[in-house]
Each structure stands twice: as structure tokens, then as C-alpha cells.
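Residue-level listing of the chains:
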Amino acid sequence: MKQTPLYDVHVAAGATMVDFAGWNMPVSYAGTVSEVQAVRTKAGLFDVSHMGEFRIVGPHAFEMVQSITSNDVSRLQVGEAQYSLLLTDDAGIVDDIIVYRQADDGFLIVVNAGCLDKDWAWFEGHAGNYPDCALVNESELTSLSALQGPEAIRIGLAVLGSEFSELHRFQFALGRFHNSAITVSRTGYTGADGCEIFCDDRIAVQLWNALAAEGAVPAGLGARDVLRLEAAYPLYGHELDAEHSPWESGTGWAVKLGKGDFNGRSAAEQKRKGNRNKLVGITMNTRAIPREHCTVLNAGADSEVGTVTSGTFSPTLQQGIAMARLSIENSTPGTEVVVDIRGRKLSATVVKLPFYRNGV
Amino acid sequence: MSELPELLFSKTHEWVRIDDDIATVGITAHAQEELGDVALILFPEVGRVLQADEKFGEIESIKAVSDLFSPIAGEVIAVNEELEASPELVNDDPHGAGWLVQIRAFIPMDTSELLSAEEYDELVREH
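Residues numbered from 1 in each chain as written. Chains lettered and ligands numbered in written order. Predicted model: local features only at pLDDT ≥ 70, side-chain atom pairs only at ≥ 80, totals over all residues.

> I'd like a description of the packing of helix α2 (residues 32-41) of chain A against helix α7 (residues 221-230) of chain A, backed by residues and values.
Packed helices, taken two at a time, are described by their axes: the angle between them and the distance between them. Residue and element names in this part refer to chain A. In the contact formed by α2 and α7, the axes pass within 8 Å of each other and the chain directions differ by 55 degrees. The orientation of α2 relative to α7 falls into the category oblique. The chirality of how α2 crosses α7 is right-handed. When α2 is examined against α7, the residues Thr-32, Glu-35, Val-36 and Val-39 are found in contact with a partner set consisting of Gly-222, Ala-223, Val-226 and Leu-227. Split into classes, the residues belonging to the contact of α2 with α7 amount to five nonpolar, two polar and one charged. (Axes fitted to C-alpha atoms, helices over the stretch in contact; angles between N-to-C directions. Helix = DSSP H or I, 4+ residues; strand = E, 2+ residues; numbered from the N terminus. Parallel < 35°, antiparallel > 145°, perpendicular 65-115°, else oblique. Left-handed = near helix turned anticlockwise from the far one by under 90°. Contact = placed C-beta atoms within 7 Å. Nonpolar A, V, L, I, M, F, W, Y, C, P; charged D, E, K, R; others polar.)

Structure representation (C-alpha cells):
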């Protein structure tokens, strides 16, 4: 298994470690529930250095990124970021990404750890059309920490300096920490306010320790998954995959068909027109925990209407919650459904997403 | 577990405390640690008759679901209703306030398959 530069810090903190996408990562420290509560009430600190960072620079970097991604990068000023998708030729999803415009002709792309190699091959495969672009995989050199919660900005400014105080959501800026370049972006995957900090591997430990000393609570991948589900953010391999279109996955908004041509565009148009399924939220009406792959049935429990893509028990809402892909006829908030949890058929209700967002 | 000599243990990580023919059953400290924060428990109905090793319920955390197996044969006479509102008692006090069910054991009681505290410690170490 691979390790991030923070491995020893996690082990010393007593973290329970788990294999995630081939990386030895902390799933929890004090416990998933207390870590979720820390993010919702104070600030949690996540090591997400396993994620991938690619840079694209060159005279036609803009055209290249615009042609490979689904969202419209012409909306990005320098210093702004956007959520986007890589689409297959059939308008299935290769991965969801964040695109950062570092310069007019320079972009940083952040990808999921589990899709890193696949995404890199994808970018390399599409680079041939843009011979004047340099494509650099900086993942091995780059550490990434996410500081999330109502206290996150205060803690971040105290440690990193007040020059980041003007950043709005999805803006980022360069800075220095311990004489090393960092990028601070007001982004996150938890539904809380906060920032994500890119730094060189060599100062990752000092940065982590400084943030923890200022009050950030170490939080693991278990908490991260609960928080992103409460915030209704999709996860590749659950809500997103090559077999389902963005409109079946809650991410149709990130596909800008009007921007010009891009990979998967013509299939995307067809998929959008003919879309039959929708991603919805579900809350359980009794204390129960829906899980990925649980079948969802109509209220009478005599026909299947869809499948749970992600489920958990929300400590914030104190109930079982799920995202599910249901047929459009059954996707209206308020619709009563039944979730089959290991053979027990339990009452649930379709709700509007997100379950929880605060400060974002 | 060696500091709890009056408990017997199953290979499936339940403990049992026997007073005459009443057996109180819960999951071990090791089991609750593996599970993480307990979110809910699926209890058997009071009155249900169980064989030894029969599945009598489920215990769930955010990360996992575990089946619960009866260490002895008998009839369920009580379930720990406090755990409905406070499932975290299983994590905080797994051998005490976090008990799950009470069973009136069928006599003669067969505990030959159960482990002593030392034997259970050995089992956990081998994992």
C-alpha cells in the first residue's frame, strides 16, 4: 500500500488505518460519529493527499480542458475553480473533478484517488490533439489537506495568514508556509465552509500539526463519507460511473451543452433528452440504515422503483439517509417508498437534496 | 478480558454472564471496537426461543452490520430497551450497561463450546 507524508502522524494519533484505493489511509481517529460532529460544530482536518493533481499548461491549454471536460471553463477567471466531469463517448462518467484556472493558459485538475491512473491515461489519450500543451502529473509531490467546519476559516487564517481572508467559495490563491508554496482554495466536500490546502509533500507534516494545534480535529475517511452524503455530494463508484449519464446522477448541471464541442457531447444531448431516472434523497421513517445496492420499492412494496447508491446513518440528522437512483415517476419529494434492507421492507420518504448544507 | 473471569465468551464475540438459569448476553469490547459507533440494534422478540449459535439479531454501526449469535439455548426474556435511545452504551460499557438480551436458559445448560476469558483473549490475539 502507498502512504501519504502524514502516515506516521495518523498512526501516532491512534488512527484506525484502512486500504483505500491502494493507499494506507485513516478511516477514523476518535470515531466517525465524533469526527462528523467536530466538522459540524468546530473544524475537522482530513488528509486527502492520495488524490491526484494534474497540470495542463500551454497556448491551447484552455481549448484542451474545454474539449475534455463537461463544464464551461470560459466561466473561470484566473483564481477560480469549478466542479466538472470527464465523460465517456457514451456520456457515462469517467470521473468527477475540480478544475482550477491558475493562469489564462494554465490549469490544475484534481481527480479521485481511485481513478488516478485511469484519468491520467484519459488525459494523455486526449493530449495528442494539443501538441503545444504540457501535461504534468504532480500527484506524487503534492499533499492535500481539507479543513472543514464553522471554525475552519478562522483556524486557516490564524495558521496561514490573513491574505486568504478575501477568498470566496470556489476561489483559490497562492501563498507560502514554512518557505514553501501553498495553494489555498475555498472548496470542500463536506457541506461545511472551509478550505483545502495544497502543499509540497515536504511541509505536509508541519502544516497538519500547525492546524491541529490551532484546534482542527483530525477526521478520517469514514467521517468524510458521512459528511459528503449529508451534503448530497456524489461519489465515483456510487452515484457516478460509466454506465449512467450525468442526468441520472444528479450532475446534469455540470454539463454545459452550449459551450461547444467536448468529449461525449452528442451522446450527452441524447441522454439528457431521453432521461428516465433521477438521483434523489431518501430518509428512513424508522431507525434503520440504508446501504448501497439496497432495492427501493414503491409504497405498496410490489414493484421496484430504483436502487440506493449510498446510505448511512446521519449523526447530524439522527436518521438513516440515502441517495438513490429512482425512476422519474417516483422521484418527487414527498413520495413514500420502501427500502429493502437485508430482507426487511422499511418505510422511507423521498426528500429534496441536500440533507444538510451550512455556510456554503 | 482476563479481568472479567465470571464471563464466558463465544467465538463470535459475544459474552455471557450466567446467574442460575438467567444468561445476560452482550458483545465484547473487542467487537464494539471493530464495529465503531453503534447506531442501532435489531432485537429478537421477547418470548423467542433460541438454539445455541442461532442468529438472534443484528448490530449496526455506520461502517458495518454484524449478526448476533446466541451463546446458549433458551428463551428471550428481556431486551435492553435503553439501547434504543442510547446505542452508544454498547461502545461505552459493552460488558455492563451495554448488555443486549437476557435469556432463560434451557436446563441442562450446555456451555461446553464457550470460551474462558483467557481463551477468548487468545482468540482475539490470533486474529
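From this point, the discussion proceeds with the structure in view.
> Explain the domain arrangement of chain A residue by residue, including any values.
Residue and element names in this part refer to chain A. Per the domain assignment, the segments making up chain A are domain 1 (7-49 + 140-230) and domain 2 (276-360). On a C-alpha basis, the centres of domain 1 and domain 2 stand 30 Å from each other. Counting residues at the interface gives 13 residues for domain 1, matched by 14 residues for domain 2. Breaking the side of domain 1 that touches domain 2 down by element, the ones donating at least two residues are α2 and α7. Tallied by class, the residues present in the side of domain 1 that touches domain 2 amount to six nonpolar, two polar and five charged. (Domains from an automatic or database assignment.)

> Describe the sheet that holds strand β7 (residues 106-111) of chain A, listing the residues and the values that go with them.
All names here are of chain A. Reading across from one edge, β5-β6-β7-β4-β8 is the order of the five strands in this open sheet, with antiparallel pairing throughout. Of all the strands in the sheet, just β5 (80-87) and β8 (134-137) have a single pairing partner and so form its edges. Within this sheet the neighbouring strands show an average axis-to-axis angle of 25 degrees, counted without direction. In this sheet, β7 lies alongside strand β4 (residues 52-57) in antiparallel orientation, the contact comprising six bridges. Within β7, the residue paired with Phe-54 across the bridge is Ile-109. Each of β4, β5, β6 (93-103) and β7 is contacted by helix α3 (residues 61-68), which is oriented at about 130 degrees to β4, the strand it contacts most. (Pairing = 2+ DSSP bridges.)

> Mind laying out the sheet that holds strand β13 (residues 217-218) of chain A, listing which residues take part and the relevant values?
Residues and elements named next belong to chain A. Overall, mixed pairing links the six strands, which are arranged β10-β11-β12-β9-β3-β13 in an open sheet. Of all strands in the sheet, those with a lone pairing partner are β10 (172-177) and β13, marking the two edges. With six bridges connecting them, β10 and strand β11 (residues 180-185) associate as antiparallel partners. In the sheet register, Arg-176 faces β11, and the bridge partner there is Ala-181.

> Now, about α2(A): what can you tell me, with residues and values included?
All names here are of chain A. The element α2 is extensively covered by neighbouring structure, given that seven of its 10 residues are classed as buried. Buried within α2 we find Thr-32, Val-33, Glu-35, Val-36, Ala-38, Val-39 and Arg-40. Along its buried surface, α2 packs onto β2 (23-28), β3 (44-47), β9 (142-148), β13 and α7. (Buried ≥ 20, exposed ≤ 12 C-beta atoms within 10 Å, placed from the backbone.)

> How would you summarise α7(A) if you had to cite specific residues and measurements?
Residues and elements named next belong to chain A. The element α7 is largely enclosed, with a buried count of nine among its 10 residues. Among the residues of α7, those classed as buried are Leu-221, Gly-222, Ala-223, Arg-224, Asp-225, Val-226, Leu-227, Leu-229 and Glu-230. Packed against the buried residues of α7 are β1 (16-20), β2, α2, β3, β16 (304-314) and β17 (319-327). Just downstream of α7 lies Ala-232, where phi reads positive at about 60 degrees.

> So what's going on with the pairing of β4(A)? Residues and values would help.
Where β4(A) and β8(A) come together, four bridges link them in antiparallel fashion. Considered in β8(A), the bridge of A:Ile56 is made with A:Leu135.

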